[in-house]
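As a plain string of letters, each chain reads:
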Amino acid sequence: MARTTQNLQLYNTLTREKARFKPLDPAHIRLYVCGPTVYDFAHIGNARPVIVFDVLYRLLSHLFGREHVTYVRNITDVDDKINARALRDFPDLPLNAAIAKVTKTTADQFHADVAALGCLEPTHEPRATDNIQQMQDMIAALIAKGHAYEAEGEVLFDTASMADYGALSKRNLDEQQAGARIEVEAHKRNAADFVLWKGSSETEPGWESPWGRGRPGWHIECSAMSNRYLWDAVADQLSDDAKAHAHEFDIHGGGLDLIFPHHENEIAQSRCAHDAGAMARVWMHNGFLQVEGEKMSKSLGNFITINELLATDKFGGRKWPGEVLRLAMLMTHYREPIDFSVRKLEEASNILERWYQLAGKALPERDADWENEIVDQALSNDLNTPDAIRRLSTLADAVRDQPEAAGRFKQVANLLGFLTQTKSEWDAAKRADVTLSDDEILAQIAARHAARQAKDWAEGDRIRDELLKMGIQLKDAKNPETGEIETTWEVKR
Ligand code: AMP
Ligand code: ZN
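Keep in mind the model is a prediction, meaning the values are calculated, not measured.

(A) Broad picture of helix α3 (residues 95-116). The end-to-end C-alpha distance of α3 is 32 Å, a good match for the 32 Å that 22 residues give at a rise of 1.5 Å each. The set of residues buried in α3 consists of Leu95, Ala98, Ile99, Val102, Thr103, Thr106, Ala107, Phe110, Asp113 and Val114. Buried residues along α3 cover an arc of 150° about the axis, so they all sit on one side. Residues Lys104 and Thr105 are exposed on α3 and point more than 90 degrees away from its buried face.

Structure follows, in structure tokens:
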């Protein structure tokens, strides 16, 4: 149920200030986040915007009602990196078939990865290749309005035609010109002019267009897709206030590195094509992730994919459940840099273990006070997830003393996408790399019990140590009623 009042504060890169979020139309909250370019496995840095904006989507859904929020995250499936990968990996296939193979496998992998991280599916996930016409329409409008020009088989955006080009990144065009170290490419009027459309050779993918067979530039993809799903598709349902802000939507997000040039250029295209005062009202950017104190790069050998963390022991010698990765990510505020480390993952794993122990079997049960605390005090303060996690841990203390509160705790943890599995699923994920089944473990425990009955202590210890090597720790406790020693087991990390 939507709440009537809310005090969500968000930091806006456009104004460099935190301010109260005022939706254009509270019945139609509109959010766009730049999605992956599908040519390779997503790395753990790419997971950060997906997780951060998933929390925002959950929060907006909580505040305004899920049916009142439209979340668009695109898939960039036209890109020269994709072409290069297709030629490398499938040299024997025709180019289009090779490209389709690369983009399908990569997009499928991306979906599996982010689902494991507990991220909800966006409302729409448009692909660039399904929106070529929309891009061409927008480019034609830019040319007609004097904001773009053709030169040497390309269509370029004329940055000098926009008085306040550079407002998001606070770059001023003259400064850029003066500071430019590279010579302006001969066909460009200004160094900052960027490609909207470029010609394709016979061996490159291309679409027919008024400017010859070619392909779109990266920036125009997002301008066209956001406008299609956040304006064209909904405009007739919007309030009069929102209609008065034609072509604008509420929030646009992505990583810090996208501010310039990608988002700056999206703004230039969208505003100039539609004569709009703004593209999005609020621009949000997550900080960068580094690994064990260093920038992630293939040459440093610390480049790690989401899939490697989930499915191999390449990082820290073990597999990590997606929920642990999610918590580790959200323990840092989204605008801060994050240092991803084994130590941080272990900390997140321990926190979740405790939460599952306390709330494991309970069914979620609504509690307005706890909910308001997490939502109003923490998340509404510019998505302060570290604060929310600290508060959750304090609530966990209350559950320890008051086990009947377990369901309430589970429900507030669910708000952030945690404790969404059953306790046994969590246990299973934790012991994903333990190869013994429960029955095999119980059989080993019985064998040890028999050895000890026969006073073969060495054999009993051997079985215990073997299990420990496989990550299974045994615990012996005396049953106070029968006086018998009973053995239980848990996964040891
Ligand atoms: P890309 O595939 O480079 O276009 O990146 C996809 C998304 O991941 C963009 O929103 C980037 O800003 C973000 N991103 C890439 N690398 C990192 C990183 N190391 N830390 C945080 N975000 C990143
Ligand atoms: Zn984009």
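Now that the structure has been shown, we can carry on.
(B) Quick peek at the packing of helix α4 (residues 132-144) against helix α6 (residues 218-232). Two elements in contact, α4 and α6, have axes whose closest approach is 9 Å; the angle formed by their N-to-C orientations is 105°. Considering the angle they form, α4 stands roughly perpendicular to α6. Contacts between α4 and α6 involve Gln134, Met135, Met138, Ile139 and Leu142 from the former and Ile220, Glu221, Ser223, Ala224 and Arg228 from the latter.

(C) A look at the site of ligand 1. In the region of ligand 1, the neighbouring residues are His43, Gly45, Asn46, Pro49, Gly254, Gly255, Asp257, Leu258, Asn286, Gly287, Phe288 and Leu289. Here an oxygen atom of ligand 1 and a backbone polar atom of Gly255 are 3.0 Å apart. Asp257 is positioned with one of its side-chain polar atoms (N or O) 2.4 Å from an oxygen atom of ligand 1. Contact with the protein chains hides 83% of the accessible area of ligand 1, taken as 480 Å² for the molecule alone. Contributions of two or more residues to the shell around ligand 1 are made by α1 (44-64) and β9 (249-255).

(D) Just the pairing of strand β10 (residues 280-286), in detail. Buried residues dominate β10, accounting for six of its seven residues. The pairing of β9 with β10 spans six bridges and is parallel. Residue His252 lies in a different strand from β10, and its bridge partner there is Trp283. Chirality of the crossover, the property in question, places the unit of β9, helix α8 (residues 259-274) and β10 among those that are right-handed.

(E) The arrangement of the pattern of salt bridges in detail. Enumeration according to the criterion identifies 32 salt bridges in this entry. Arg271 is the salt-bridge partner of Asp164, the closest N and O atoms lying 3.3 Å from each other. Of the two residues, Asp164 sits in the loop between β6 (154-157) and α5 (173-179) while Arg271 sits in helix α8, which places them 107 residues apart along the sequence. Asp164 gets classed as partly exposed once you look at its relative accessible area, which sits at 34%. With relative accessibility at 18%, the residue Arg271 sits in the buried group. Overlapping salt bridges, with partners in common, bring together Asp80, Lys198, Glu204 and Arg215 in one network.

Rules behind the numbers
Residues numbered from 1 in each chain as written. Chains lettered and ligands numbered in written order. Predicted model: local features only at pLDDT ≥ 70, side-chain atom pairs only at ≥ 80, totals over all residues. Heavy atoms only, no water. Helix = DSSP H or I, 4+ residues; strand = E, 2+ residues; numbered from the N terminus. Expected span 1.5 Å × (residues − 1). Buried < 20%, exposed > 50% of the residue type's maximum accessible area, 1.4 Å probe, protein only. Arc of directions from axis to C-beta. Axes fitted to C-alpha atoms, helices over the stretch in contact; angles between N-to-C directions. Parallel < 35°, antiparallel > 145°, perpendicular 65-115°, else oblique. Contact = heavy atoms within 4.5 Å. Near = heavy atom within 4 Å. Polar contact = N/O pair within 3.5 Å; in protein donor to acceptor, adjacent residues only side chain to side chain. Areas by Shrake-Rupley, 256 points an atom, 1.4 Å probe, with all protein chains shown as cover. Pairing = 2+ DSSP bridges. Right-handed = clockwise from strand over helix to strand, strands pointing away. Salt bridge = Lys/Arg side-chain N within 4 Å of Asp/Glu carboxyl O.

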